[in-house]
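Here is how the chains run, residue by residue.
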Amino acid sequence: LAKTTQPISMDSYEGQEVNITCSHNNIATNDYITWYQQFPSQGPRFIIQGYKTKVTNEVASLFIPADRKSSTLSLPRVSLSDTAVYYCLVGGNAGKSTFGDGTTLTVKP
Amino acid sequence: ETGVTQTPRHLVMGMTNKKSLKCEQHLGHNAMYWYKQSAKKPLELMFVYSLEERVENNSVPSRFSPECPNSSHLFLHLHTLQPEDSALYLCASSQSSSGTGGGELFFGEGSRLTVL
């Protein structure tokens, strides 16, 4: 299973764009990159998933360079409610992905 | 509402008690999981079931006993637990636990367990 490395914590202010980068140097050919958000005492929630290039949905964008050894989750115009832990997972399917330490994002007013 | 329901949400038990956590998914998924999340630690995968058969057990102590009677229900039976077993226990489901193509885990809200 590919190991991921993320910053432990990040601070931002309301209305700013936040970019969280994840390193996964030993990503396998069949692996997808998936990001989850977790609030305290709740289960993680899926944000976005991608294999290569760029993926965008209603809440975030995911940028993956050609070598796929890293990825960047972009959250546009964050609000206080985006304060949470964000996990980057790499795996061929949902059951083959391992949660790392995650990045604690704190959004300040 | 994620389609995965866990009960109870909170549980306090003594070290000699026997209790069970229940998980039910309404998504038609074939795979279900138990995760443990201790304070300030990442999620640890405990058990994986695919089509009601256990496919992975990550060296979990025998005081935790899973049961998957059908593809929609998953139980975690608890007995003679230790205080260090206090944690948030999360159930999840996905379309499949194998193969490729990515896929998404759907988590329940968790069961907060306190062992006295």
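As a reminder, the structure under discussion sits directly above these lines.
Residues numbered from 1 in each chain as written. Chains lettered and ligands numbered in written order. Predicted model: local features only at pLDDT ≥ 70, side-chain atom pairs only at ≥ 80, totals over all residues. Heavy atoms only, no water.

Peer 1: Explanation requested: the sheet that holds strand β7 (residues 64-70) of chain B in the structure shown.
Peer 2: All names here are of chain B. One open sheet accounts for four strands, arranged β1-β3-β8-β7; its pairing is antiparallel. At either end of the open sheet lies a strand with only one pairing partner, and these are β1 (4-7) and β7. Adjacent strand axes in the sheet meet at a mean angle of 20 degrees when their direction is disregarded. (Pairing = 2+ DSSP bridges. Helix = DSSP H or I, 4+ residues; strand = E, 2+ residues; numbered from the N terminus. Axes fitted to C-alpha atoms, helices over the stretch in contact; angles between N-to-C directions.)

Peer 1: For this particular structure, what's the right way to read the packing of aromatic side chains?
Peer 2: Aromatic rings considered in pairs are described by the distance between their centres and by the relative angle of their planes. Evaluated as defined, the whole model comprises ten aromatic pairs over all chains. Relative to F107 of chain B, the ring of Y36 of chain A has its centre 6.3 Å away and its plane inclined at 90 degrees; by these criteria the two rings are edge-to-face. Highlighted residues: Y36 of chain A in strand β3 (residues 32-38) and F107 of chain B in strand β10 (residues 106-107), drawn from two different chains. The residues Y36 of chain A and F107 of chain B share a single accessibility class, namely buried. When the ring centre of Y51 of chain A is taken as reference, the NZ or CZ atom of R68 of chain A above it lies at 4.0 Å. (Phe/Tyr/Trp six-rings, centres within 6.5 Å; stacked < 30°, edge-to-face > 60°. Buried < 20%, exposed > 50% of the residue type's maximum accessible area, 1.4 Å probe, protein only. Lys NZ or Arg CZ within 6 Å of the ring centre and 35° of its normal.)

Peer 1: What is the right way to look at the pairing of strand β11 (residues 111-115) of chain B in this model?
Peer 2: Sheet faces and side chains relate simply in a regular strand, where the side chains alternate between the two faces. Residues and elements named next belong to chain B. With burial as the criterion, only one face of β11 is covered, namely that bearing S111, L113 and V115; the residues R112 and T114 on the opposite face remain uncovered. Sheet topology places strand β2 (residues 10-13) next to β11; four bridges connect them, and they run parallel. Each residue of the ladder has a partner; that of H10, found in β11, is R112. Direction of pairing for strand β9 (residues 87-94) relative to β11: antiparallel, over a ladder of three bridges. Paired with L88 across the two strands is R112, which belongs to β11.

Peer 1: Got a minute to help me understand the pairing of strand β4 (residues 31-37) of chain B in this structure?
Peer 2: Residue and element names in this part refer to chain B. In terms of burial, β4 is a largely internal element, seven of the seven residues being buried. The side-chain alternation of β4 yields two buried faces, one formed by A31, Y33, Y35 and Q37 and the other by M32, W34 and K36. One ladder, built from six bridges, connects β4 with strand β5 (residues 44-50); its direction is antiparallel. When the sheet's bridge partners are listed, M32 is paired in β5 with Y49. Between β4 and the antiparallel strand that follows it, β5, lie six residues; K40 among them carries a positive phi value of about 55 degrees. Where β4 lies against β9, seven bridges are found, and the strand directions are antiparallel. The partner of M32 across the bridge, within β9, is S93.

Peer 1: Looking at this structure, how should I read the nonpolar core?
Peer 2: Buried together is how nonpolar side chains tend to be arranged in soluble globular proteins. The biggest cluster of nonpolar side chains holds 22 residues, and the ones touching the most others in it are W34, F64, L76 and L78 of chain B. Elements with a contribution of two residues or more to this core: β2, β3 (18-25), β4, β5, β7, β8 (73-79), β9 and β11 of chain B. Residue contacts for L76 of chain B: discarding those within four places in its chain leaves K19, S20, L21, W34, M46, F47, F64, S65, P66 and Y89 of chain B. Core analysis: the second largest hydrophobic core is formed by 20 residues, I47, I64, Y86 and V107 of chain A among them. (Core = buried A, V, L, I, M, F, W, Y, C linked by side-chain atoms within 4.5 Å. Contact = heavy atoms within 4.5 Å.)

Peer 1: When you look at the state of the cysteines in this model, what are you seeing that I'm missing?
Peer 2: Two cysteines whose sulfur atoms are joined by a covalent bond form what is called a disulfide. Considering all chains together, one arrives at two disulfides over all chains under this definition. Disulfide pairing is shown between C22 of chain A and C88 of chain A; the S-S distance is 2.2 Å. Torsion about the S-S bond of the C22 of chain A and C88 of chain A cystine: about -80 degrees, corresponding to left-handed handedness. On the criterion of sequence distance, the pair formed by C22 of chain A in strand β2 (residues 18-23) and C88 of chain A in strand β8 (residues 84-91) is long-range, its members being 66 residues apart. Look at C22 of chain A and you get buried, because its relative accessible area is 0%. Under the relative-accessibility criterion, C88 of chain A is labelled buried at 0%. The thiol sulfur of C68 of chain B is not disulfide-bonded, and the nearest other cysteine sulfur, from C91 of chain B, lies at 9.0 Å. For C68 of chain B, a relative accessible area of 11% gives the class buried. (Disulfide = S-S within 2.5 Å.)

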